[in-house]
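Structure assessment
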Amino acid sequence: MTIRVIIADDQEMVRTGFRMILESQPDIEVVADVVDGEAALAAVAEHRPDVLLLDIRMPGLDGLEVTRRLSGRETPRIVIVTTFDLDEYVHAALQGGASGFLLKDASPAMLVEAVRAAAVGDSLVSPAITVRLLREMAHRTPAAAAASRRPAEPLTDREREVVRCLARGLTNAEIAGELFVSLSTVKTHLANVQAKLDARNRVEIAAWAWESGLAGTPA
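Residues numbered from 1 in each chain as written. Predicted model: local features only at pLDDT ≥ 70, side-chain atom pairs only at ≥ 80, totals over all residues. Heavy atoms only, no water.

**A word on the layout of surface pockets**
Worth spelling out the cut-off: Here the term cavity refers to a set of points on a 1 Å grid, laid over the protein atoms alone, in which a 1.4 Å probe fits but cannot get out; the term pocket refers to an open set having protein on both sides within 12 Å along at least five of seven lines, with lining residues being those that place an atom within 4 Å of a point. Grid points are joined across faces, edges and corners, and a volume is the space filled by probe spheres set on the points. Secondary structure elements follow DSSP: runs of H or I no shorter than four residues count as helices, runs of E no shorter than two count as strands, and numbering proceeds from the N terminus. Amino acids are sorted into nonpolar (Ala, Val, Leu, Ile, Met, Phe, Trp, Tyr, Cys and Pro), charged (Asp, Glu, Lys and Arg) and polar (every other residue, Gly among them).
Its volume calculated, the second largest pocket comes out at about 230 Å³. Lining the second largest pocket are 14 residues, and of these Gly72, Arg73, Arg77, Gly97 and Ser99 lie nearest its centre. The set of elements that each furnish at least two residues to the lining of the second largest pocket consists of helix H3 (63-70) and strand E4 (77-82). Among the residues forming the lining of the second largest pocket, the class breakdown is three nonpolar, seven polar and four charged.

**Focus: the sheet that holds strand E2 (residues 28-34)**
In a beta sheet, neighbouring strands pair by backbone hydrogen bonds and run either parallel or antiparallel. Going by this rule: Two strands form a pair only when DSSP identifies at least two bridges running between them. Should any heavy atoms of two residues lie within 4.5 Å, those residues are considered in contact. Axes here refer to lines fitted to C-alpha atoms; in helices the fit is confined to the stretch in contact. Angles between the N-to-C directions go from 0 to 180 degrees.
Judged by pairing direction, the sheet is parallel, and its six strands sit side by side in the order E2-E1-E3-E4-E5-E6 without closing on themselves. Strands with a single pairing partner mark the edges of an open sheet, and in this sheet they are E2 and strand E6 (124-125). Here strand E3 (residues 51-54) pairs with E4 via four bridges, running parallel. For Val51, the partnering residue across the bridge sits in E4 and is Arg77. Lying on the sheet, helix H1 (residues 12-23) is in contact with strand E1 (3-8), E2, E3 and E4; it crosses E2 at an angle near 170°.

**Quick word on the side chain of Ser99**
Applied cut-off: Think of it in three bands: with a 1.4 Å probe and only protein chains considered, a residue is buried below 20% of the maximum accessible area for its type, exposed above 50%, and partly exposed in between.
Checked against the element boundaries, Ser99 lands in the loop between helix H4 (87-95) and strand E5 (100-103). Since its relative accessible area comes to 6%, Ser99 is described here as buried. Setting aside anything within four residues of it in sequence, one finds Ser99 in contact with Arg77, Ile78, Ala118, Asp122, Ser123 and Leu124.

**With respect to the environment of Arg200**
Of note, Arg200 is situated in the loop between helix H10 (183-197) and helix H11 (202-212). Residue classification places Arg200 among the partly exposed positions, given a relative accessible area of 39%.

**Remarks on unusual backbone geometry**
The phi torsion at Phe180 lies on the positive side, around 60°, for a residue other than glycine. Within the secondary structure, Phe180 is located in the loop between helix H9 (172-179) and H10. A positive phi angle, close to 55°, is found at Asp198, a residue other than glycine. Mapped onto the fold, Asp198 is located in the loop between H10 and H11.

**Here's the deal with the side chain of Asp9**
For clarity, the threshold we go by: Under the rule applied, a polar contact is a pair of N or O atoms within 3.5 Å (in protein, one hydrogen donor and one hydrogen acceptor; residues adjacent in sequence only if both atoms are side-chain atoms).
Within the secondary structure, Asp9 is located in the loop between E1 and H1. In this structure the side chain of Asp9 is engaged in a polar contact, spanning 2.8 Å, whose partner is the backbone nitrogen of Gln11. With sequence-adjacent residues up to four places away left out, Asp9 is seen in contact with Val14, Arg15, Val34, Val35, Asp55, Met58 and Lys104.

**Structural notes on the pairing of E1**
Applicable threshold: The definition of a right-handed crossover adopted here requires that, viewed with the strands pointing away, the path from the first strand over the helix to the second runs clockwise.
Counted residue by residue, E1 has five buried out of six residues, so it is predominantly covered. Across six bridges, E1 lies against E2 in parallel orientation. Of the residues in E2, the one forming a bridge with Arg4 is Glu29. Note on the crossover from E1 through H1 to E2: the handedness is right-handed. Bridge count for E1 against E3 is four bridges, and the pairing is parallel. Following the sheet pairing, Ile7 is matched in E3 by Leu53.

**Observations regarding H10**
Applicable threshold: Expected helix span is given by 1.5 Å per residue-to-residue step, counting one fewer step than there are residues. Each C-beta atom gives one direction from the helix axis, and the arc is the one those directions make.
Its 15 residues give H10 an end-to-end C-alpha distance of 21 Å, which sits within 8% of 21 Å, the value for a rise of 1.5 Å per residue. Buried within H10 we find Val186, His189, Leu190, Val193, Lys196 and Leu197. Axial view of H10: buried residues confined to an arc of 120°, hence all on one face. Buried positions along H10 lie against helix H8 (157-167), H9 and H11.

Given below as structure tokens:
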């Protein structure tokens, strides 16, 4: 199954580079690349892509506003790719519904991985900022707000172990290896947790783990 991608960035060199990287993959097709937020929204309406790669700072509508406007839709999944490693940007993007956040100096392999992860409803955030960001989000979150996000049903012991690993920035494959379970078992546990927390993606699950203190408790 081919993953259809739109690239939105005001730098032609970036768009060209991303297109070359992604189109070298047999399962990814770049259906459009555009220079600003308005054009991104128009291209999404026209092409109905699976994934939108989105810069933050662009003329007119910025990437965060585009993310907010597309929030709540099944597709496209949004991956923010930016030069700016600023926590307020990351926080706003993920709260707005983005499925991933990468810096432009990320490796080509990580860019491809982020697109593939987003296409199947997963998330990928640059390892350099994942744990730092989630810890800081937890410190900024009032205790009452964290308490209000109680799961609809209690998490099982195994689900709690999976969530702790997720909060440390581990991928599904790394979680499976650490807990000696199959990849499909990890995905099942995360799907159950997502439903219990009414979370949109794995990033929100990890944020909840830090907010609630679960990430900092012993396994």
